[in-house]
Amino acid sequence: QCQTANEAACHLFGEDHASLLATSFFDWVLPPDIDRVHRALNSVLHGGTERLELMLRKRSGQQVPVELSTNVLPEGQWLMSLRDISQRKDTEEALLQVRSELLEAQRLGKIGSWKWARNQDRPQWSPEMYRIYAQDPSKPAPPVSELENMYTPSSRQARELALMTALQTGQPYEAE
């Protein structure tokens, strides 16, 4: 049974203060998440703090993704903080969709892309880069220092010039 709730909790659940206090937190938890919440609460009882993402269901039936943070206060009371993460979940889903579309466009256009942090010698390749270079995608991309072995001498020179210019100016480069 909830002993206190702030206005943000009332807004999250779409309930007035009295109605919210008359419920148990588990009245809102979806059945697939009940065991996870119980495990998290048990962990907190043994000295931990827990943070997990789960779905809650309002009385209206609307489901809300939340991040739950909980711990036990010195007096033995539970402190549960809920944060609505709907916007973040929508953004993550949109980013996954855009990434999927980018990878498909690269596949269709036979165009690869890669990222490289100068302080590391291992770049990150798109799947199409692995196909272009006939490399095994289950393995890490080869170090940048080994890429020169994959080019003809004239292509190696052009690539090196384009790469150095990009590093000096901060501008991206394209090379054929």
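Definitions and limits used
- Residues numbered from 1 in each chain as written.
- Predicted model: local features only at pLDDT ≥ 70, side-chain atom pairs only at ≥ 80, totals over all residues.
- Heavy atoms only, no water.
- Core = buried A, V, L, I, M, F, W, Y, C linked by side-chain atoms within 4.5 Å.
- Buried < 20%, exposed > 50% of the residue type's maximum accessible area, 1.4 Å probe, protein only.
- Helix = DSSP H or I, 4+ residues; strand = E, 2+ residues; numbered from the N terminus.
- Contact = heavy atoms within 4.5 Å.
- Salt bridge = Lys/Arg side-chain N within 4 Å of Asp/Glu carboxyl O.

### Quick word on the nonpolar core
One recurring pattern in soluble globular proteins is that nonpolar side chains are buried together. Among the nonpolar cores identified, the biggest contains 18 residues, and Leu-20, Val-37, Leu-54 and Leu-56 are the most heavily contacted of them. Mapped by element, the contributors of at least two residues to this core are helix H1 (7-13), helix H3 (31-45), strand S1 (50-57) and strand S2 (63-72). The biggest single contributor to this core is H1, with four residues. Setting aside residues no more than four positions away along its own chain, Leu-56 makes contact with Phe-13, Phe-25, Trp-28, Val-29, Gln-62, Gln-63, Val-64, Val-66 and Leu-82. One finds Tyr-130, Tyr-133, Ala-141 and Leu-147 within the second-largest nonpolar core, a separate group that totals seven residues.

### Considerations on the pattern of salt bridges
Using the criterion set out here, one finds 11 salt bridges in the structure. Measuring nitrogen to oxygen at the nearest pair gives 3.1 Å for the salt bridge that ties Arg-83 to Glu-67. Placement of the pair is Arg-83 in strand S3 (residues 78-84) and Glu-67 in strand S2, with a sequence separation of 16 residues. Looking at Arg-83, the relative accessible area reads 43%, which means it is partly exposed.

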